[in-house]
Amino acid sequence: MRWQGGRRSSNVEDRRGSGIGRPLAVGGGVGSIVVALLVMLLGGDPSVITTNSGGGLGQQGGSGTGGSGVPDDPRHAELKDFVSVILADTEDTWPGLLEPHGVNYVDPRLVLFTGAVRSACGLQESAVGPFYCPPDQRVYLDLDFFDELDRRFGAPGDFAQAYVVAHEVGHHVQNLMGISEQVQAARRRVSPEQANVLSVLQELQADCFAGIWAHHAQRERQVLEEGDVEEGLGAASAIGDDTLQRRTRGYVVPESFTHGSSEQRVAWFKKGLSQGTLEACDTFSDASTPSRRRR
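Residues numbered from 1 in each chain as written. Predicted model: local features only at pLDDT ≥ 70, side-chain atom pairs only at ≥ 80, totals over all residues. Heavy atoms only, no water.

### Looking at the nonpolar core
Keep this limit in mind: Here, the term nonpolar core denotes a set of buried Ala, Val, Leu, Ile, Met, Phe, Trp, Tyr and Cys residues that are joined through side-chain atoms within 4.5 Å. Relative accessible area decides the class of each residue, using a 1.4 Å probe on protein chains only: under 20% of the type maximum gives buried, over 50% gives exposed, and in between gives partly exposed. Here a strand is any run of E in DSSP of at least two residues, a helix any run of H or I of at least four, and the numbering for each starts at the N terminus. By definition in these notes, contact holds between two residues if any of their heavy atoms fall within 4.5 Å.
Formed by 52 residues in total, the largest nonpolar core has its most connected members in Met1, Val83, Trp94, Phe146 and Trp213. Contributions of two or more residues to this core are made by helix H3 (74-98), strand E2 (109-112), strand E6 (138-141), helix H4 (144-151), helix H5 (158-177), helix H7 (192-221) and helix H10 (262-275). When near neighbours in sequence (up to four residues on either side) are disregarded, Val83 contacts Leu110, Leu112, Leu141, Leu143, Phe146 and Val165. Residues Val111, Val117, Cys121 and Val128 belong to the second largest nonpolar core, which totals eight residues.

### Quick word on the sheet that holds strand E1 (residues 12-14)
Quick note on the threshold: A pair of strands is labelled paired if DSSP reports no fewer than 2 bridges between them. Only the stretch in contact is used when fitting a helix axis, every axis being a line fitted to C-alpha atoms; angles between N-to-C directions are given from 0 to 180 degrees.
Across the sheet, which stays open at both edges, the four strands sit in the order E1-E2-E6-E5 with mixed pairing between neighbours. Each edge of the open sheet is held by one strand with a lone partner, namely E1 and strand E5 (131-133). The average angle at which neighbouring strand axes cross in this sheet is 25°, direction not considered. With three bridges joining them, E5 and E6 adopt antiparallel strand pairing. Bridged to Cys133 within E6 is Arg138.

### Some points on the state of the cysteines
As a reminder, the rule being used: The disulfide criterion is simple: two cysteine sulfur atoms within 2.5 Å.
All told, the structure shown has two disulfides when counted by the stated rule. Disulfide pairing is shown between Cys121 and Cys133; the S-S distance is 2.1 Å. When the S-S torsion is 100°, as for the bridge of Cys121 with Cys133, the disulfide is right-handed. In this pair, Cys121 is assigned in the loop between strand E3 (116-119) and strand E4 (122-125) and Cys133 in strand E5, connecting sequence segments 12 residues apart. The pair formed by Cys121 and Cys133 is uniform in burial state, with each residue classed as buried. Between the sulfur atoms of Cys208 and its disulfide mate Cys281 the distance is 2.0 Å. Taking the sign of the torsion about the S-S bond as the criterion, the disulfide between Cys208 and Cys281, at about -75°, is left-handed. With Cys208 in helix H7 and Cys281 in the loop between H10 and helix H11 (290-293), this residue pair connects regions lying 73 residues apart in the sequence. Take Cys208: its relative accessible area is 0%, and that puts it in the buried class. The exposure class of Cys281 is buried, given its relative accessible area of 0%. Looking at the chain, its bonded cysteines, counted consecutively from the start of the sequence, adopt the pairing 1-2, 3-4.

### Observations concerning the pattern of salt bridges
For the record, the criterion: Here a salt bridge means any side-chain nitrogen of Lys or Arg lying within 4 Å of a carboxyl oxygen belonging to Asp or Glu.
Evaluated as defined, the whole model comprises 12 salt bridges. One salt bridge in this structure joins Asp14 and Arg16, with 2.7 Å as the shortest N-O distance. Measuring nitrogen to oxygen at the nearest pair gives 2.7 Å for the salt bridge that ties Asp207 to Arg265. You can see Asp207 sitting in helix H7 and its partner Arg265 sitting in helix H10, a full 58 residues away along the chain. By the burial criterion, Asp207 is buried, and Arg265 matches it.

### With respect to unusual backbone geometry
Negative phi is the rule for most residues except glycine; trans is the rule for most peptide bonds. Positive phi, normally seen in glycine, also occurs at Gln137, with a value near 55°. Tracing the backbone through its elements, the reader meets Gln137 in the loop between E5 and E6. Relative accessible area serves as the criterion here: at 27%, Gln137 is assigned to the partly exposed category. Positive phi, normally seen in glycine, also occurs at Gln222, with a value near 50°. Locating Gln222 in the fold gives a position in the loop between H7 and helix H8 (228-238). By relative accessible area, which is 42% here, Gln222 ends up partly exposed.

### Description of the packing of aromatic side chains
The condition that has to hold: Any two of the Phe, Tyr and Trp rings considered here, Trp counted by its six-membered ring, make a pair once their centres fall within 6.5 Å; the pair's planes then place it as stacked at under 30 degrees, edge-to-face at over 60, or tilted in between.
For the structure on display, the rule yields seven aromatic pairs. Between Phe131 and Tyr140, the ring centres sit 4.8 Å apart and the planes meet at 15°, which makes this aromatic pair stacked. There is no split in this pair, since Phe131 and Tyr140 are both buried. Consider the rings of Phe145 and Phe146, whose centres lie 6.4 Å apart with planes at 55°: the pair is tilted. The class of Phe145 is buried, set by a relative accessible area of 5%. Of the residues examined, Phe146 reaches a relative accessible area of 1% and is grouped as buried.

### Some remarks on helix H6 (residues 179-187)
Selection rule: Here, the arc refers to the directions that run from the helix axis to the C-beta atoms.
Turning to H6, its buried residues are Ile179, Ser180, Val183, Gln184, Ala186 and Arg187. Down the axis, H6 shows its buried residues gathered within 160° of arc, on one side only. The outward face of H6, more than 90 degrees from its buried face, is lined by the exposed residues Glu181 and Gln182.

### Focus on the environment of Ser180
Inclusion rule: By the criterion applied in these results, polar contacts are pairs of N or O atoms within 3.5 Å in which, for protein atoms, one can donate a hydrogen and the other can accept it, and in which residues neighboring in sequence qualify only through two side-chain atoms.
Note that Ser180 resides in helix H6. Sequence separation between Ser180 and Gln202 is 22 residues, and the spatial gap between their C-alpha atoms is 7.8 Å. Contacts of Ser180, omitting those with residues within four sequence positions, involve His171, Gln174, Asn175 and Gln202. A polar contact is formed between the side chain of Ser180 and the backbone nitrogen of Asn175, at a distance of 3.4 Å.

Below is the structure:
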């Protein structure tokens, strides 16, 4: 990506090394940690994830950085700079897209942390992956996750990382539009299987919103380089529920999907990327969405 000359956001909050630290791993060590990362990857409201999964597992290792004054790892310093640019780009993209719909865009804050973090959604550990908390309108990210995205999920590259940030900002857009509240209210009224379907539709829409951001960032600022789109598609594919379940269980249980299959995630990201409109991302009324047909 061509990001080095981009504007840096002032809405990055660095809590790395703030004192909460890294929780001890429980219930099976590193293997269980990886399972937790795979199962709870790229969620929306982590309180929903915790309810669905029975709780997450922490990670061990890593070093204090950022907020504590401990010297920053050069790689993490660059990543912090990178996510600040991507966040700023989303801040430049979304206001104009939401204004015609009568929605005032309020910039989210991006909180960097290590190990565990306190949010309005409770104490969350790195194992939940990047997440968005609707009550405090913050995206939470442990930069170590990008190493996991590369090494464990086989999705390297800066655009794959940008997709992660854009997906979580997509949840913020859903929150501002009232979609998140409507989905959570609906989930409380239906069966667990139907609640999973609604969760899938919400996650696929956030994927599509990430594609909308990429569409406009490229059209207005020409940020993409050769291979970037493939990186984003690779990340979307790597974190599909079916792909993750095959890696962790050895088999697939479609009824338990909460984020969508690899095919679905790629398809909706591509739809947002190609069309660039909110109307293109109505996963809730699109009859072609496989998870909707299962209801």
